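Here is how the chains run, residue by residue.
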Amino acid sequence: MERPSHSFVKTIDQQMLAPLAQTAMDCPSLKIAGWEATTLSVQGRRSVFRFAGIGHDGVAPRAWSLILKVIMAPEDAADPAHEPDCIWYWPRESLIYATDIPQSLNRQVNTNGLRAPHCFGVLEPTPQVHWNWLEDLQDCYDGRWPLERYALAAYHLGLFNGSYLMGQPVPPVPWLTDSGLDFESASKAAGIERLHDPKIWAHPLLACAFPKPILPELERLVADREQFLAEAMNYPRAFCHLDAHPGNMAALSDEDGKEITVLFDWALTGYGAPGEEISRLVWAALLDFK
């Protein structure tokens, strides 16, 4: 991890951090002094930082930490990410948290086993920049899940999606995406030509992962893409996270020792067909050699 080079970090002071740390620790009397900020991820217009320090509640020192996700708008006013119906609509995740949608999952019995990180505040230091202050969580497998844990996560995702097919109302907001499957499949289909290069399949990792030729089957899927998309739109629509890949998930244990699944990064949230959520979990894990 690196110390953040972003100049805005210097503007984050004790007055801003103290109430956030108090909420995160559920300790209104917590006093904080020094802290350390580290960079966890920088991906285009989205960056993730951890703020951590030692506070005091008047009795004993207490370690605290917060995650800050910084989301910046595209500089080009004509960028499609400014449009609410774009899958990459830049403020969607901040809007999701500001309207309490992910946090509501934690209060729904029918999505037991799955939740989002707690959000302690959504700030707009400028109209083109959003700060999401989130719960700091650590995966109990350190990111190396056994196969059975993927199965449990799929079960949790199924409960989550399925609740909206059984009467749970879909959040009534206009900026949920409904083109995730179309967009993702289009981007993958566009790269099919490069897979004709035999050097790609000769790579040791790919040769091990795919000992039998799969290119003809991939080409068949691309040819049938429009038909699959049309059929998928005939299914009932569920409310979905739509980006449930290993990097956006954490396995935790609740107070009773029961394993739960936490979903991060709600930027692509929207509508999906039954099973669409779990299919992404499967192929993303395979592509990442998980």
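Residues numbered from 1 in each chain as written. Predicted model: local features only at pLDDT ≥ 70, side-chain atom pairs only at ≥ 80, totals over all residues. Heavy atoms only, no water.

### Description of unusual backbone geometry
We note that D26 has phi near 50 degrees; this positive angle belongs to a residue other than glycine. The topology assignment puts D26 in the loop between α1 (14–25) and β1 (31–32). Residue D26 is classed as exposed on the basis of its relative accessible area of 69%. In the Ramachandran plot, D142 falls in the positive-phi region, its phi being about 55 degrees despite a non-glycine side chain. Inspection of the secondary structure puts D142 in the loop between β7 (129–134) and α4 (147–163). (Helix = DSSP H or I, 4+ residues; strand = E, 2+ residues; numbered from the N terminus. Buried < 20%, exposed > 50% of the residue type's maximum accessible area, 1.4 Å probe, protein only.)

### Notes on the packing of α4 against helix α10 (residues 276–287)
Relative to each other, α4 and α10 sit at 155 degrees, their axes nearing to 9 Å. Judged by the angle between their axes, α4 and α10 are roughly antiparallel. In this structure, the crossing between α4 and α10 has a hand that is right-handed. Contacts from Y150, A153, A154, L157, G158, F160 and N161 of α4 reach α10 at E277, I278, L281 and A285. (Axes fitted to C-alpha atoms, helices over the stretch in contact; angles between N-to-C directions. Parallel < 35°, antiparallel > 145°, perpendicular 65-115°, else oblique. Left-handed = near helix turned anticlockwise from the far one by under 90°. Contact = heavy atoms within 4.5 Å.)

### Some thoughts on helix α9 (residues 225–232)
Among the residues of α9, R225, L229 and A232 are the ones counted as buried. Buried residues of α9 fall within an arc of 65 degrees about the axis and therefore sit on the same side. Turned more than 90 degrees away from the buried face of α9 sit E226 and Q227, all of them exposed. Elements that come into contact with the buried residues of α9 comprise α5 (180–189) and α8 (215–223). (Arc of directions from axis to C-beta.)

### With respect to the environment of V173
Following the sequence through the fold, V173 ends up in the loop between α4 and α5. Under the relative-accessibility criterion, V173 is labelled buried at 16%. A C-alpha to C-alpha distance of 25 Å links V173 and S47, two positions 126 residues apart in sequence. Ignoring sequence-local partners within four residues, the contact set of V173 consists of I101 and Y271.

### Details of the nonpolar core
Note on soluble globular proteins: their nonpolar side chains tend to be buried together. By size, the foremost hydrophobic cluster in this structure holds 29 residues, and its most contacted members are L157, F160, W175, M249, L263, W266 and L281. Breaking this core down by element, the ones donating at least two residues are α2 (92–98), α3 (101–105), α4, β9 (249–253) and α10. Considering every element that reaches this core, the biggest residue donor is α4, with five residues. Beyond its immediate chain neighbours, meaning those up to four positions away, W266 contacts R92, E93, I96, Y97, P102, L105, A116, P117, F160 and H241. Counting 21 residues, the second-largest nonpolar core is a separate cluster that includes V9, L20, F51 and W131. (Core = buried A, V, L, I, M, F, W, Y, C linked by side-chain atoms within 4.5 Å.)

### Structural notes on the packing of aromatic side chains
Applying the stated rule across the entire model yields eight aromatic pairs. Where F160 meets Y164, the ring centres are 5.8 Å apart and the plane angle is 85 degrees; that geometry is what we call edge-to-face. Across this residue pair, the class does not change: F160 and Y164 are buried. In textbook terms, an aromatic cluster arises when at least three aromatic residues are bridged by ring pairs, as seen for F160, Y164, F239 and W266. Lying over the aromatic face of W145, R149 brings its terminal NZ or CZ to 5.0 Å of the ring centre. (Phe/Tyr/Trp six-rings, centres within 6.5 Å; stacked < 30°, edge-to-face > 60°. Lys NZ or Arg CZ within 6 Å of the ring centre and 35° of its normal.)

### Focus on the environment of E83
Tracing the sequence through the fold places E83 in the loop between β4 (61–72) and α2. When its relative accessible area of 43% is taken as the criterion, E83 is described as partly exposed. Put simply, E83 and V129 are 46 residues apart on the chain and 16 Å apart in space, counted from C-alpha to C-alpha.

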